[in-house]
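A structural walkthrough
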Amino acid sequence: MSKAAITPAKGGLPSRRLVSDVIYASGAYQALLKSRVPKRLVQTPVDIFPGNGERADSLYQGHFEFAGFSLEQDDQVPWDAEGMPLAWHKELHQFAWLRDFSANGTEAARRHSRALVLSWIEKFDVYRPFVWDEDVLAHRLIAWFCCSRFLLEEEESEFNFKFLRALRRQYIHLSRIAKNKPEGEDRTASWQALLYGALCFPDMGKSSSKHLASLETELGRVVLADGCHIGRNPERHLVLLGDLIGIRNTLMAANEMVPVAINNAIDRLAPAIRFFQHGDGRLALFNGGLKLPEGYCDNILSLSDATGRAPQRFPQGGFERMKAGRALLILESGEGGRREGEQSHSGLMSFEFSYGRERLIVNCGAVSDPESAWGKALAATAAHSTLGFDNINAIFPKRPASGEDHNLAVRNEDEGNIWLDLESNGYLDTVGVLHRRRLYLDASGLALRGEDQIIPERMPPSGRSHFSLRFHLHPELSISRSASGKNILIRTPSGTGWKFLTAAPRLSLEESVYCSEPGERRYNQQIVITGQLIDQEPILIKWALTRLSD
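1. Comments concerning the packing of helix H12 (residues 234-253) against helix H14 (residues 296-304)
Between two packed helices, both the angle of their axes relative to each other and the distance between the axes serve to describe the pair. Two numbers describe how H12 lies on H14: the axes approach to 10 Å, and their chain directions differ by 35°. Crossing angle aside, the handedness with which H12 passes H14 is left-handed. Together, Leu238, Leu241, Gly242, Ile245 and Arg248 of H12 and Tyr296, Cys297, Ile300, Leu301, Leu303 and Ser304 of H14 make up the contact between the two elements. Its residues assigned to classes, the contact of H12 with H14 shows 8 nonpolar, 2 polar and 1 charged.

2. Comments concerning the side chain of Gln192
Here Gln192 is to be found in helix H10 (residues 188-200). Judged by relative accessible area, which is 3%, Gln192 ranks as buried. Other than its neighbours up to four places away in sequence, Gln192 contacts Ile142, Asp243 and Ile247.

3. Re the pattern of salt bridges
Applying the stated criterion to the full structure yields 29 salt bridges. With a closest N to O distance of 3.8 Å, Arg248 and Asp305 form a salt bridge. Highlighted residues: Arg248 in helix H12 and Asp305 in the loop between H14 and strand E3 (313-314), separated in sequence by 57 residues. For Arg248, a relative accessible area of 9% corresponds to the buried category. Several salt bridges converge on common partners, so that one network encompasses Arg313, Glu320, Glu335, Arg411 and Glu413.

4. Description of the packing of helix H6 (residues 107-124) against helix H9 (residues 158-177)
Between H6 and H9, whose axes approach to 10 Å, the crossing angle comes to 55°. When the interaxial angle is binned, H6 and H9 end up oblique. The way H6 lies across H9 gives a crossing that is left-handed. Along the contact surface, H6 presents Arg114, Val117, Leu118, Trp120 and Ile121, while H9 presents Phe159, Lys162, Phe163, Ala166 and Gln170. In terms of residue class, the contact of H6 with H9 is made up of 7 nonpolar, 1 polar and 2 charged.

5. Examining the packing of aromatic side chains
Inspection of the entire model under this criterion finds 33 aromatic pairs. Taking 6.0 Å as the distance between ring centres and 75° as the angle between the ring planes, the aromatic pair formed by Trp97 and Phe101 counts as edge-to-face. Residue classification places Trp97 among the buried positions, given a relative accessible area of 3%. Centroid distance Tyr355 to Trp498: 5.3 Å. Interplanar angle 70°. Geometry classified as edge-to-face. Here Tyr355, found in strand E6 (residues 351-355), pairs with Trp498, found in strand E16 (residues 497-502); they are 143 residues apart in sequence, far enough to count as distant. Across the pair, Trp498 and Tyr355 agree in class, each one buried. Through a chain of ring-to-ring contacts, three or more aromatic side chains come together here, namely Trp79, Phe95, Trp97, Phe101, Trp120, Phe124, Trp144, Phe159 and Phe163. Geometry around Phe124 places Lys123 over its ring, the cationic atom sitting 6.0 Å from the centre. The ring of Phe201 is capped by Arg168, whose NZ or CZ atom sits 4.9 Å from the centre of that ring.

6. Details of the nonpolar core
Core analysis: the biggest nonpolar cluster contains 102 residues, and Trp97 and Trp144 have the highest contact counts within it. Not counting residues within four places of it along the chain, the set of residues in contact with Trp97 comprises Arg55, Leu59, Phe66, Trp79, Glu91, Leu92 and Leu116. Core analysis: the second largest hydrophobic core is formed by 46 residues, Met349, Leu360, Phe396 and Ile488 among them.

7. Some thoughts on the pairing of E16
The side chains of a regular strand alternate between the sheet's two faces. Summarising the sheet, strand E15 (residues 487-491) and E16 pair through 5 bridges and their orientation is antiparallel. Across the sheet, Ile488 pairs through a bridge with Phe500, a residue of E16. Linking E15 back to E16 in an antiparallel pair, the connection comprises 5 residues, with Gly495 at a positive phi of about 100°. Sheet analysis places E16 next to strand E19 (residues 539-547), joined by 5 bridges and oriented antiparallel. Each residue of the ladder has a partner; that of Thr502, found in E19, is Trp543.

8. Some points on the environment of Leu167
Looking at where Leu167 falls in the secondary structure, it is placed in helix H9. Through-space distance from the C-alpha of Leu167 to that of Leu141 is 7.0 Å; in sequence the pair is 26 residues apart. Residues contacting Leu167, with those up to four places away along its chain left out, are Leu41, Leu141, Trp144, Phe145 and Phe201.

9. With respect to the environment of Ala380
Position of Ala380 relative to the elements: it lies in the loop between helix H15 (373-379) and strand E8 (387-389). Distance from Ala380 to Ile392, taken between C-alpha atoms, is 8.2 Å for residues 12 residues apart in sequence. Once you skip the residues sitting within four places of it in the chain, Ala380 turns out to touch Ser346 and Asn393.

10. Description of unusual backbone geometry
Only a minority of non-glycine residues have a phi that is not negative, and only a minority of peptide bonds are not trans. The phi dihedral of Ala67 is positive, around 55°, even though this residue is not glycine. Inspection of the secondary structure assignment puts Ala67 in the loop between strand E1 (63-66) and strand E2 (69-72). Although it is not a glycine, Glu415 adopts a positive phi angle of roughly 55°. Take Glu415: it is sitting in the loop between strand E9 (409-414) and strand E10 (417-424). On the basis of relative accessibility, which here comes to 73%, the residue Glu415 falls in the exposed class.

Rules and cut-offs
Residues numbered from 1 in each chain as written. Predicted model: local features only at pLDDT ≥ 70, side-chain atom pairs only at ≥ 80, totals over all residues. Heavy atoms only, no water. Axes fitted to C-alpha atoms, helices over the stretch in contact; angles between N-to-C directions. Helix = DSSP H or I, 4+ residues; strand = E, 2+ residues; numbered from the N terminus. Left-handed = near helix turned anticlockwise from the far one by under 90°. Contact = heavy atoms within 4.5 Å. Nonpolar A, V, L, I, M, F, W, Y, C, P; charged D, E, K, R; others polar. Buried < 20%, exposed > 50% of the residue type's maximum accessible area, 1.4 Å probe, protein only. Salt bridge = Lys/Arg side-chain N within 4 Å of Asp/Glu carboxyl O. Parallel < 35°, antiparallel > 145°, perpendicular 65-115°, else oblique. Phe/Tyr/Trp six-rings, centres within 6.5 Å; stacked < 30°, edge-to-face > 60°. Lys NZ or Arg CZ within 6 Å of the ring centre and 35° of its normal. Core = buried A, V, L, I, M, F, W, Y, C linked by side-chain atoms within 4.5 Å. Pairing = 2+ DSSP bridges.

Here it is in C-alpha cells:
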C-alpha cells in the first residue's frame, strides 16, 4: 500500500485511486446498487459484545477515541477530522461504537445515534475508498443490523427510509465483492454480514443457506483442527468466538438450524481462548493481540456454553503451554508452520510467564495500526522474549505438505515437573544458525530454568554474528541488580520476590516498552544477554528464574 494510504491527510481520509475505486465510484456502478427499499427488517441479530454507556457519553461530548488515538473537538460530527491515522478512521467507520449508545439506552443517545448515521449517509452514501473497503464495510453492516432495533423508529419515517436504503446499497455492494477477497485474509465478517442481511431483509431469506455454506467453508479454513486461528492472535480468537455465538443465537431466534460447523468451531475456540488466558483472566500478547479488559474473556466464554479445558499445546497453531502450581508459561513454537501471509509478528520461540495474577516475562504487545512505525517495531523479533540476531527478524517455518510431520517441540512430564525441548531454524537462512531452547518448570511452579543453544551451521555473514537473548519484564515489576551484578532481582506488586540468574558474562538491563491496550505505551525494562559468534562452536546459555522465599 502506498504511503498516502497509511498517513494522515488534510480533510480526513487519505487519498487513494485504484482502478477498482474508479469503477465503484462511477455512476454506472452506483446505479447497479439501486434496489427496492424494504419498509422494515424482520429480525434484529444478536450482539453479545457488551456496550459501554459511559463511552457513549464521552463520544457525545466530542471525545473520539479509536485505535488507540484520541481526538477532542467541539463538533460532534467526526467524519472530517484532520491529522488522525487511517486506523482511527477505519474504526470510526466500522460503527462498533453504536453498541455503546445502545447500552446507554436513553432517548438522547438514540437521537444522537440517528443524527450521526444520517450525517454519515449524507457524506458517504456513494462509494468512497477505505470507507467502503470490504473489511470496514462488513463490520459496519453487522453493527447497523445489530443496532437496527435501537435506531429505527416505530412508524415509517424519513430516517427509516434513508437508513434502510443505505443499508441495502452497502449490502448489495458487499455481496458483489465478497467472492473476490484474497484467500489469505479472514473473510468471516463478510459472510456474517451477508447472512444477517439474508435473515433481516424480508425478501432475501432464500440466500441465507448460500451465505451459511460460505461461512462454514471459511471457518474450516481459518480455524485449524486444534482450535487455533490462522492469525495466531489470541484477541482474534475471542472476537471470532463472540461473532459465532451471536450468529448461533441469531439463527436460533429465527428458528433456523445452526450448522454443525458453527457449533464445532465454538467448541474448539473456547478452549483455545482458555489456553491464552493468564492468571489474571486476560490474554497473552502474541501476533498483534491485546489483553482486553478484565472479565471480558470470561464473559464471552460463559455465553459460549463450551466447557472444554485449555489444551497443553497447539500442534497446528504452533504454541505450547506449561502449567505447574500457580505458574503459567505460554510459548510460540512455530510448529505446524505458516502459509505465506499468515505470519504477523516475528516472535518465534518467544514466551510469556506469569505467576498467579501477576505477569513477569512478557512480549511487548501491539498497536492497532500494524503498518505504522510503532506497529512494525512491535512486530519485530526484538520486541519478544526470545533470541535475536542484529535486529534481523526470525522466519517461521513454512507449513509442511499434507502428510508431513515436523515435530519442533517435544514435551515430557514427570510427577508434575515439565520439560519442553524446542528447535528453530528461524535464522538458518539469514544467519546460518539453529536455535534450540530447553525449558524446565518444576511441579511447584516456583522455578523456571532454561537453556538456549546456538548452533552455527556455517559462519554467519559479516555484521550478523551478534546475538541478544531478551526477557521483557512487565512494567509493574520493581527491578534491581544484585550487589555482585550477576543476578537480577524482581519484586511484584504483591511483594513476591523473584531472582533471575545466569552464568553468561554479558548480562544487562535495558529499556523496553509495553503496549497491551489501545493507546497504551508504558516504559519498562528487559533483561538482555548478549554475545557474539566467533567460530562454528555452539554456544550454550543457561538461565533460571526462581521465586525467593517469603
